[in-house]
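# Topology and contacts: notes
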Amino acid sequence: QVQLVESGGGLVQPGGSLRLSCTASGIIFSIYTMAWYRQAPGKQRELVATITRGGSTNYVDSVKGRFTISRDNAKDTIYLQMNSLKPEDTAVYYCYSTGLGRNYWGQGTQVTVSS
């Protein structure tokens, strides 16, 4: 059974930082492209960042220079380091994996940026 379990969300003030984690089980993690998506209330889910099995990364323009995605294949885990957080970053953040013709989602973790 495939599971993606996110953690690290919470409430943070504008300008603050959070680090999200997503640990996978049931997949050959090292060969999967991994990603973080987010969905704010009343908005569509959007792709935030991706990391390929080779470590190449890509980001949506709104988070470039502030967010960093990384992976640790030994721990079957990806991370999203989020700095200089803004209220518009408030959303549920989802972990996503794709590979071998299959896609999987985590359950999501809430990030709220507010003073």
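Scroll up to find the structure this text is about.
These lines cover the structure that appears in this document, whether it is placed above or below. (Residues numbered from 1 in each chain as written. Predicted model: local features only at pLDDT ≥ 70, side-chain atom pairs only at ≥ 80, totals over all residues. Heavy atoms only, no water.)

### Some details on the pairing of strand β5 (residues 46-51)
Two strands pair when backbone bridges link them, and strand β4 (residues 33-39) and β5 are joined in this way by five bridges, in the antiparallel orientation. Bridge pairing links M34 to I51 in β5. Linking two consecutive strands that pair antiparallel, namely β4 and β5, is a turn of six residues; a positive phi of about 75° is found at G42 within it. Pairing geometry for β5 and strand β6 (residues 57-59), over three bridges, is antiparallel. Pairing of T50 across the sheet is with N58, part of β6. Once β5 ends, the chain turns through five residues before running back antiparallel as β6, passing G55 with a positive phi of about 95°. (Pairing = 2+ DSSP bridges. Helix = DSSP H or I, 4+ residues; strand = E, 2+ residues; numbered from the N terminus.)

### Let's talk about the packing of aromatic side chains
Considering all chains together, one arrives at four aromatic pairs under this definition. Here the aromatic rings of Y96 and W105 are separated by 4.6 Å at their centres, their planes lie at 55°, and the arrangement is tilted. Among the residues examined, Y96 registers a relative accessible area of 13% and is labelled buried. Grouped by ring-pair contacts, the aromatic residues Y37, Y94, Y96 and W105 constitute a single cluster. (Phe/Tyr/Trp six-rings, centres within 6.5 Å; stacked < 30°, edge-to-face > 60°. Buried < 20%, exposed > 50% of the residue type's maximum accessible area, 1.4 Å probe, protein only.)

### Notes on the pattern of salt bridges
Applying the stated criterion across every chain yields a total of four salt bridges. Ionic pairing is found between D61 and K64, a salt bridge with its closest N-O pair at 3.0 Å. Its relative accessible area of 60% is what places D61 among the exposed residues. The salt bridge partner of R66 is D89, with a shortest N-O separation of 2.7 Å. (Salt bridge = Lys/Arg side-chain N within 4 Å of Asp/Glu carboxyl O.)

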